[in-house]
Amino acid sequence: KIILKDFFRYYGEQVIDCTINQEKNVIVIIGENGRGKTTLLSAFNWVFYDEIIKPLKLDNILNYRKRNEMEIGDNAEASVTIFFEEGGIEYKIVSTLIFNKVNNNTVNLINKKTQKNIFKIESNGNETELNYNIATEKLLIPKDLRGFFFFDGEHISRLAKVDGKKEIKNAILNVLGISYLYNAKDHLTFIKKSLMQELKIYKLKNTNQNDIEWDHNKVEKEIEQIEKVQVPDITEKTI
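Below is a short write-up of the structure. Along each chain, residue indices are assigned from 1 in the same order as the chain's sequence is written. Since the coordinates come from a predicted model, pLDDT governs what is reported: local features require at least 70, and pairs of side-chain atoms require 80 or more to be given and counted, while whole-chain, interface and lining totals use all residues. Heavy atoms from the whole structure form the basis of all side-chain values; hydrogens and water molecules are not counted.

Some thoughts on the pattern of salt bridges
Thinking step 1. Basic side-chain nitrogens of Lys or Arg form a salt bridge, by our definition, when they fall within 4 Å of a carboxyl oxygen of Asp or Glu. Applying the stated criterion across every chain yields a total of five salt bridges.
Thinking step 2. When the shortest N-O distance is used, the salt bridge between lysine 5 and glutamate 77 registers 3.6 Å. Within this pair, whereas lysine 5 is found in strand E1 (residues 2–7), its partner glutamate 77 is found in strand E3 (residues 75–86), the two being separated by 72 residues in sequence.
Thinking step 3. Close ionic contact of lysine 92 with glutamate 127 constitutes a salt bridge, the shortest N to O distance being 3.1 Å. Taken together, the residues lysine 92 in strand E4 (residues 89–103) and glutamate 127 in strand E7 (residues 127–130) connect sequence positions 35 residues apart.
Thinking step 4. A residue is classified by how much of its surface remains accessible, and lysine 92, at 15% relative accessible area, is buried.
Thinking step 5. Note on exposure labels: buried denotes an accessible area under 20% of the residue type's maximum, exposed denotes more than 50%, and partly exposed covers the range between, all computed with a 1.4 Å probe on protein chains only. The partly exposed category is assigned to glutamate 127, whose relative accessible area is 40%. Going along the chain from the N terminus, every DSSP run of H or I of four or more residues is numbered as a helix, and every run of E of two or more is numbered as a strand.

Printed below as a string of structure tokens:
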């Protein structure tokens, strides 16, 4: 379930119940231009990944009608709340921004940093607040994969493009926690080249054969360690 409160086009509190049927688990939102489809997509992105989809802007997140109803000095909040289930446990995650009406023409954000909270909902209905960063890292779809779960159907052909495979590959590496291995090997390859260059310079500047041989052996040992680094073979063909 998602609850939108004075969020862009959604005035007041609007509640959308989402399916939890395992056999019918895709939700399609259909509407004419300007009816709030992108706004709804932005709501998920804002709550889960703290981003707003262009051309929407964070400063304009508070509903226009709500802005006009405010009195000078009043505060009002724009928020999105999402209820979701993971591992048989229900959670609630909330993003909120608070605005203040300065004069008849100006409504300013009090703090541009979004307030974000996540709660675990107990079987008795009680809510326990969790550490946001720790909880969301374990519970949410990785950012690199979001485009394959929350996307604009008007640009669905993007999912079939070749570069989509690269995105999936990078996301899989991040999910498995092995991206650092690829980065490490790239870095070690660079070090190898640097060491070889240093050895050449050393040979040119020094005539002491013993020192040169010792340095050469040292470099060869480091190169041998570099070449032993193994990383998983995740290719586009595999994906």
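The discussion continues.
Some thoughts on helix H3 (residues 132–139)
Thinking step 1. The set of residues buried in H3 consists of Tyr132, Ala135, Thr136 and Leu139. Looking down the long axis of H3, one finds its buried residues gathered within 95 degrees of arc, a one-sided arrangement. Every exposed residue of H3 that faces more than 90 degrees away from the buried side is listed here: Asn133, Glu137 and Lys138.
Thinking step 2. Check the buried side of H3 and you find it contacts helix H1 (37–49), E3, E4, strand E6 (115–121) and E7.
Thinking step 3. Its side-chain oxygen at 3.2 Å from the backbone nitrogen of asparagine 133, asparagine 131 defines the N-terminal cap of H3. Arc, as used here, means the arc of the directions from the helix axis to the C-beta atoms. We call two residues contacting when some pair of their heavy atoms lies within 4.5 Å. Between N or O atoms, a polar contact is any pair within 3.5 Å; within protein, one atom must be a potential hydrogen donor and the other a potential acceptor, and residues adjacent in sequence are included only when both atoms are from side chains.

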